[in-house]
Protein chains: 2
Amino acid sequence: MRRGNGVTVWSQIAAQLRIEIDSGRTPPGTKLPPEADLAQHFGVNRHTVRRALEELARNRLIRIEHGRGSFVAEPVLDYQINRRPRFSEWVRRHNREPLGEVLSLREIDLAELAEADIIADALSLPSGEAVIELERLGKADDRPIALSRHIFPARRHPGLLKALAAHKTITAALYSIGITDYVRLRSRISARMPTPREAGLLALEAGAPVLQSENLNITEAEIPLELCFVIYPATRVALIVEPSGSSDLDSDHRMVG
Amino acid sequence: MRRGNGVTVWSQIAAQLRIEIDSGRTPPGTKLPPEADLAQHFGVNRHTVRRALEELARNRLIRIEHGRGSFVAEPVLDYQINRRPRFSEWVRRHNREPLGEVLSLREIDLAELAEADIIADALSLPSGEAVIELERLGKADDRPIALSRHIFPARRHPGLLKALAAHKTITAALYSIGITDYVRLRSRISARMPTPREAGLLALEAGAPVLQSENLNITEAEIPLELCFVIYPATRVALIVEPSGSSDLDSDHRMVG
DNA sequence: CAAAATTTGTGCGTATGTATG
DNA sequence: ACATACATACGCACAAATTTT
């Protein structure tokens, strides 16, 4: 621990513990040494260690339990919902290695899908249309964190099926057929219990729910491009929203009594 | 059914069925009559009825199941997350009657709460501070739809405890002590299984998960005002997000292969 | 079941370095 | 140069929660 160089001792300790936890050498659930031991190990007062642990708890890296000890927490990937969501960018920001795995890719008649009405509405398609369905499992450091189904209008984008099969990323495939940019228009977030298949793919513990997000992406020209159903393991992912449009101009009062 | 007056017949039928469902006379799970019967009843062709049912399915009022029939869906309240969230406004927009019920209101030392670190961080409070905790159950037409815990810094707003006890709405209480406006800075959305107490209060079916939202509200002067933990029954509420900030300037590619 | 040991939580006093006026 | 205020870090003591004996 270097002192008097402008960086506080407690933040140096916090940083060191963070590296230890992030590296994976101390897996989730591990009990940290008692504060007294840590203090001795780092050659500082227990208060100083406590300040470091407090910091880690604020960032949800550990859980401090009175009388029991401090424990390494299950890492949660905070996913900030913005207009240009990119899977691997998000994962890398958390210092994890992204990996996408294609489970299936096919062209199919819209009417054969269970959510036909919702898809037709969102993508402004007649009900008898052909769509491209891509199913994908997203991982971070080999831990599954997202199971997604992407639905594209097939006739509106000839050659997209081949492009998706040929390119490693959706963005690249779209680019190759002339769609250089697209943004997220809206997300609908819910939660439910997973099906057995989903639980298996996402390696979920029994009784663990999933976050479900239904996203509509549009092109630069504001034409509906893709409807995307994603589920996340709720214990490993949280969604962050930073509202910006006010939209509620008329005033109302929250009920209390 | 009036024809030739500019309003399509199918939308008249859809509107009539919607009223029937919204009124509660046909509770969730009820099987609608077969399309042929409905066609005869309304004196129209089956195609016209199908068009009406399609519309209702898009709006998630019913579920159409191939070969089985159509069923009244559990009503889902879409909650659009914006900068000025107001509970009763939201509920009324869905033509339901809002009601707020105070479960508890007290001043307590921050350190006694389980989420002390997270609250201290979000509200920029030292750990030994006093906070006001308000717990509230929100209902729509007597169906519980939200269980919230509001945490305010007590010292920063003297008189707030009394104000909250005296006024019927949080907004009114805040107004009375000089806080005329506040907005939502960020929400953190997750999902989990409810505790037995939560399941009881929200009248949840066994095994049903809840959506959890942790919200930070700030004053006009951008001072942290309130941290608010809300849980929603996932079967009855969905959150809608319309992203606006791009924030992702560097380009990345979504993984596919 | 009770006592002891372990571990985190809190309070107070002191010393030191740093920014402010 | 000096006084003041503030944050950091240390030392010690005891309280509270939990586990072990």
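So, how was this worked out
- Residues numbered from 1 in each chain as written.
- Chains lettered and ligands numbered in written order.
- Predicted model: local features only at pLDDT ≥ 70, side-chain atom pairs only at ≥ 80, totals over all residues.
- Heavy atoms only, no water.
- Helix = DSSP H or I, 4+ residues; strand = E, 2+ residues; numbered from the N terminus.
- Rg over C-alpha atoms; globule rule 2.2 N^0.38 Å.
- Buried < 20%, exposed > 50% of the residue type's maximum accessible area, 1.4 Å probe, protein only.
- Contact = heavy atoms within 4.5 Å.
- Least-squares fit on C-alpha atoms with pLDDT ≥ 70 in both.
- Near = heavy atom within 4 Å.
- Polar contact = N/O pair within 3.5 Å; in protein donor to acceptor, adjacent residues only side chain to side chain.
- Axes fitted to C-alpha atoms, helices over the stretch in contact; angles between N-to-C directions.
- Parallel < 35°, antiparallel > 145°, perpendicular 65-115°, else oblique.
- Left-handed = near helix turned anticlockwise from the far one by under 90°.
- Nonpolar A, V, L, I, M, F, W, Y, C, P; charged D, E, K, R; others polar.
- Pairing = 2+ DSSP bridges.

## So, the overall build of chain A
Alright, step 1. Scanning chain A for helices and strands turns up eight helices and 10 strands.
Alright, step 2. For a compact globule of 257 residues, the expected C-alpha radius of gyration is about 18 Å, and chain A comes in at 23 Å, more than 25% above that figure.
Alright, step 3. In terms of overall dimensions, chain A has a C-alpha envelope of 70 × 50 × 40 Å along the principal axes.
Alright, step 4. Per-residue burial over chain A gives 50% buried out of 257 residues.
Alright, step 5. A separation of at least 24 residues holds for 59% of the contacts in chain A among residues at least 6 apart in sequence.

## Looking at the relation of the copies chain B and chain A
Alright, step 1. In the superposition of chain B on chain A (RMSD 0.3 Å, axial shift 0.0 Å), the rotation amounts to 180°. Classification of the inter-copy transformation places it as that of a two-fold axis.
Alright, step 2. Both copies share a contact surface, since 100% of the interface residues of chain B are interface residues in chain A too.

## Notes on the protein's contact with DNA strand C
Alright, step 1. Taken together, Pro34, Glu35, Arg46, His47, Arg50, Ile64, Glu65, His66, Gly67, Gly69 and Ser70 of chain A together with Ala111 of chain B are the residues near DNA strand C.
Alright, step 2. Here a phosphate oxygen of DNA strand C sits 2.7 Å away from a polar atom, N or O, in the main chain of glutamate 35 of chain A.
Alright, step 3. Between DNA strand C and histidine 47 of chain A there is a distance of 2.6 Å, counted from a base oxygen to a side-chain nitrogen or oxygen.
Alright, step 4. Looking at the surface near DNA strand C, the elements with two or more residues in it are helix H3 (46-58), strand E1 (62-65) and strand E2 (69-72) of chain A.
Alright, step 5. Sort the elements by how many residues they give to the surface near DNA strand C and H3 of chain A lands first, with three residues.

## Describing the packing of helix H1 (residues 9-22) of chain A against H3 of chain A
Residues and elements named next belong to chain A.
Alright, step 1. Taken N-terminus to C-terminus, the directions of H1 and H3 make an angle of 50°; their axes are 8 Å apart at the nearest point. Classified by the angle between their axes, H1 and H3 sit oblique to one another. For the crossing formed where H1 meets H3, the hand is right-handed. Along the contact surface, H1 presents Val9, Trp10, Ile13, Ala14, Leu17 and Arg18, while H3 presents Thr48, Arg51, Ala52, Leu53, Glu55 and Leu56.
Alright, step 2. When the residues that make up the contact of H1 with H3 are grouped by side-chain class, the tally is eight nonpolar, one polar and three charged.

## Things to note about the sheet that holds strand E10 (residues 237-241) of chain A
Adjacent strands of a sheet pair through backbone hydrogen bonds, lying either parallel or antiparallel.
Alright, step 1. The eight strands lie next to each other as E3(A)-E10(A)-E7(B)-E8(B)-E9(B)-E6(B)-E5(B)-E4(B), forming an open sheet whose pairing is mixed. Of all the strands in the sheet, the pair left with one neighbour each is strand E3 (77-80) of chain A together with strand E4 (98-109) of chain B. Each neighbouring strand pair of the sheet contributes to a mean axis angle of 20°, computed without reference to strand direction.
Alright, step 2. As defined by bridge partners, E4 of chain B adjoins strand E5 (residues 130-140) of chain B across 11 bridges and the pair is classed as antiparallel. Along E5 of chain B, the bridge assignment pairs leucine 105 of chain B with leucine 134 of chain B.
Alright, step 3. Those strands touched by helix H5 (residues 116-123) of chain B are strand E6 (143-153), strand E7 (182-192), strand E8 (210-219) and strand E9 (224-233) of chain B, and its axis lies near 130° from that of E9 of chain B.

The quantities given are spatial measurements derived from coordinates; they are silent on function.
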